[in-house]
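# Chains, contacts and geometry: an overview
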Amino acid sequence: MYGTHMVFSNILIKFAKPPRVTTPSTSIFNTNNLGMSTKSSPTSTRHPGLWVPTVYFAMGLPMVLLSDVSILMFGDLGIPDKQIAFWASLLTLPWSLKPLFSPIMELVGTKKQYVVLSELLSALMLGLVFVGLGLDNFFAITLLLMAILAISGSVHDIAGDGTYMHFLSSKEQSEYIGWQGAFYNIAKVLAKGGLVYLVGVLTKSYGLVGSWRFIFVLASVLLLSISVYHFFVLPGEMRSAQASTERQHRSLKESMKELWEIIVSFFKKKYILYYLLFILLYRLTEGLTIKIAPLFLKASADIGGLGLSNEQFGLIYGTFGTLAFIIGSILSGYFISHYGLRKVLFVLALIFNIPFIVFFLLAYFQPSSMTWITLGIIFENFGYGFGFVGLNLFMMQQVAPGPHQMAHYAFGTSIMNLSVMLPGMVSGALSDALGYKIFFLVAVLVAIPGILCAYFVPFTYDSKGNKIETN
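With that settled, the discussion passes to the overall build of the protein. Regarding its fold elements, the protein presents 17 helices and zero strands. The long-range fraction of contacts in the protein, counting pairs at least 24 apart against all pairs at least 6 apart in sequence, stands at 86%. For the protein, the accessible area works out to roughly 18700 Å², and carbon and sulfur atoms hold 69% of it.

Looking now at the packing of helix α9 (residues 272-282) against helix α15 (residues 370-399). The geometry of α9 relative to α15 is characterised by a closest axis approach of 11 Å and an angle of 165° between their N-to-C directions. Judged by the inter-axis angle, α9 sits roughly antiparallel to α15. Crossing geometry of α9 relative to α15 is assigned as left-handed. The segment α9 lies against α15, with I272, Y275, F278, I279 and Y282 engaging G387, L391, F394, M395, Q398 and V399. Grouping the amino acids of the contact of α9 with α15 by side-chain chemistry returns nine nonpolar, two polar and no charged.

The next subject is the pattern of salt bridges. In the structure shown here, the tally under the stated rule is five salt bridges. Measuring nitrogen to oxygen at the nearest pair gives 4.0 Å for the salt bridge that ties D68 to K192. Note that D68 is positioned in helix α2 (residues 52-76) and K192 in helix α7 (residues 170-233), a separation of 124 residues in sequence. Summarising the burial analysis for this pair, D68 and K192 share the class buried. With a shortest N-O distance of 3.6 Å, K98 and D157 are connected by a salt bridge. A residue pair is termed long-range when its members are at least 10 positions apart, and K98 in helix α4 (residues 98-107) and D157 in helix α6 (residues 138-167) qualify at 59 residues.

Let us look at helix α12 (residues 310-339). The end-to-end C-alpha distance of α12 is 41 Å, a good match for the 44 Å that 30 residues give at a rise of 1.5 Å each. Bending of α12 peaks at approximately 25° at the position of G321. At the C-terminal side of α12, G340 shows a positive phi close to 90°.

This brings us to unusual backbone geometry. Apart from glycine, the bulk of residues carry a negative phi angle, and the bulk of peptide bonds sit in the trans form. The backbone of Y271 shows a phi angle near 65°, a positive value even though the residue is not glycine. By secondary structure assignment, the location of Y271 is in the loop between α8 (252-267) and α9. Overall, the relative accessible area of 28% leaves Y271 in the partly exposed class. Of note, the phi angle at Q366 is positive, near 45°, even though the residue is not glycine. Structurally, Q366 is set in the loop between α14 (357-365) and α15. Judged by relative accessible area, which is 32%, Q366 ranks as partly exposed.

To continue, consider a nonpolar patch on the surface. Together, V426, L430, L434, I438, L441, V442, L445, I448, L452, Y455 and F456 make up an exposed nonpolar region whose accessible area comes to about 970 Å². For the nonpolar patch, the elements supplying multiple residues, two or more each, are α16 (405-434) and α17 (436-456). No other element matches α17, which puts eight residues into the nonpolar patch. Relative to the helices and strands, L441 is located in helix α17. Since its relative accessible area comes to 34%, L441 is described here as partly exposed.

Applying the stated rule across the entire model yields 30 aromatic pairs. For the pair F74 and F139, a centre-to-centre distance of 5.0 Å together with 90° between the ring planes defines the contact as edge-to-face. In this pair, F74 sits in helix α2 while F139 sits in helix α6, placing the two residues 65 residues apart along the sequence. What makes F74 buried here is its relative accessible area of 2%. When the ring of F266 is compared with that of F267, the centres are 5.2 Å apart and the planes differ by 90°; the resulting orientation is edge-to-face. Owing to a relative accessible area of 1%, F266 belongs among the buried residues under this scheme. With relative accessibility at 45%, the residue F267 sits in the partly exposed group.

Along the polypeptide, S154 turns up in helix α6. Between the alpha carbons of S154 and T92 there is a distance of 9.0 Å; along the sequence they are 62 residues apart. Setting aside residues no more than four positions away along its own chain, S154 makes contact with P94, W95, K98 and F101.

What follows covers the confidence of the model for the protein. Averaged over every residue, the pLDDT of the protein is 83; the share at 70 or more is 85%. For the protein, per-element mean pLDDT is lowest for helix α1 (residues 2-11), which scores 48, and highest for helix α5 (residues 111-132), which scores 95. Every residue in residues 8-41 scores below 50 in pLDDT, and together they form 122 contacts with partners more than four places removed in sequence or on other chains. Considering only residues more than four positions removed or in separate chains, one finds that residues 242-247, a stretch of pLDDT under 50, has 21 contacts.

Let us now look at the packing of α9 against α17. Between α9 and α17, whose axes approach to 8 Å, the crossing angle comes to 140°. Note on packing geometry: the crossing formed by α9 with α17 is left-handed. Of the residues in α17, those touching α9 at Y274, F278, L281 and Y282 are P449, G450, C453, A454 and F456. Its residues assigned to classes, the contact of α9 with α17 shows eight nonpolar, one polar and no charged.

With that settled, the discussion passes to the nonpolar core. In this structure, F74, W212, F216, F278, F296, F394 and F440 are the most contacted members of the largest nonpolar core, which totals 125 residues. Per element, the largest residue contribution to this core is 16 residues, and it comes from α2.

With respect to the secondary-structure elements, N392 resides in helix α15. Distance in space between the C-alpha atoms of N392 and G412 is 8.9 Å, their sequence separation being 20 residues.

Cut-offs applied
- Residues numbered from 1 in each chain as written.
- Predicted model: local features only at pLDDT ≥ 70, side-chain atom pairs only at ≥ 80, totals over all residues.
- Heavy atoms only, no water.
- Helix = DSSP H or I, 4+ residues; strand = E, 2+ residues; numbered from the N terminus.
- Contact = heavy atoms within 4.5 Å.
- Areas by Shrake-Rupley, 256 points an atom, 1.4 Å probe, with all protein chains shown as cover.
- Axes fitted to C-alpha atoms, helices over the stretch in contact; angles between N-to-C directions.
- Parallel < 35°, antiparallel > 145°, perpendicular 65-115°, else oblique.
- Left-handed = near helix turned anticlockwise from the far one by under 90°.
- Nonpolar A, V, L, I, M, F, W, Y, C, P; charged D, E, K, R; others polar.
- Salt bridge = Lys/Arg side-chain N within 4 Å of Asp/Glu carboxyl O.
- Buried < 20%, exposed > 50% of the residue type's maximum accessible area, 1.4 Å probe, protein only.
- Expected span 1.5 Å × (residues − 1).
- Bend = angle between axes of the 7 residues up to and from the residue.
- Patch = residues over 30% accessible without salt bridge, like charges linked within 9 Å, V, L, I, M, F, W, Y side chains within 5 Å.
- Phe/Tyr/Trp six-rings, centres within 6.5 Å; stacked < 30°, edge-to-face > 60°.
- pLDDT = per-residue confidence, 0-100.
- Core = buried A, V, L, I, M, F, W, Y, C linked by side-chain atoms within 4.5 Å.

Written out as structure tokens, the structure is:
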């Protein structure tokens, strides 16, 4: 669900009033570069409907395969929970390093080059995972391939968002923001729902290894097809010599100097240490549970799990759960827009964290009824989606405003991603030591500091983007 949150944070722009934006600086994060800006952009001659959906589908597919589906695959293939949680969490590190990648990408290549080539590289890595799963030391080999896939996916995120912001006008960006979330989550439903379900079906005929190999080669072919399609359809140029209108040329030293200035200004913001503490604590419980929950749902009952099959997991968690998350995220946008973030942030923190108690209850009672399990997963995912968007909007409205708004938002999201990655890396060891029941209880208790922080956190800007005067 990692990258999904970034897409839904963009959707919220339609529903909540953002802070007043100062005049953008001519920085490495400006529209003329690869990355992050909401400035007016040249209009593409190709209809956005031809490429926006496929760009964000291609953005979502590798991320979900890495962060969610790989957990199930390694669990099926006998890798211990401790190792799965550690490595699956560490694989998401490149998404926290995007602000460092951007200035380097600015110096060489074009947005279209990065989108098309990163999709080709991702397709190649997925195809090689198919090969690696047939080898004796498959775990080490597939982890290496997935690490390259993660870097490629992070680069694709930067270039894909940059293409969207560069070639669409402000009006078009608003019109197609919903397409981003829709097709990113179609990729999620396909990977976490459809492909996992397919593994369960194919296992009866081809065995576990053969079934997992098949879905990775299927994903590889799909990404390869999208890459070829984007070569012809995506706006922009494939040759660097023709990219002078897309970006500013500057030395790496100049880019890194400017990046340093942006970082320094970020840490000079009012309340920034309080804000960073809030960002780190808000998702702490999620970071602990996000890798263990799928393993718990599939673990056999004799070791404290629920014993779901791949078909059941794909349908309940991958499909119904994802749809509940989407609905919760959208409704939350309207809720925040109506009442204002300052009034509801504490409520959002409660709604975000309390549903994680579902996993403790499932571990405690170990129900065999698919109805109760399904209802619990739907409730948890709805609250997860509803509450999460509050943090993204908080970073937009309180952390990001200033001369380097989009860059500072990127820093905030990078730190937020680390707050999920780091506890995820130790979650497997804690789960093995405590057992599922106690582990999920501890995870719920860990949410208390973040909830309290949401109650006391000060606001720098009001709902209209005006700075709040304090004595």
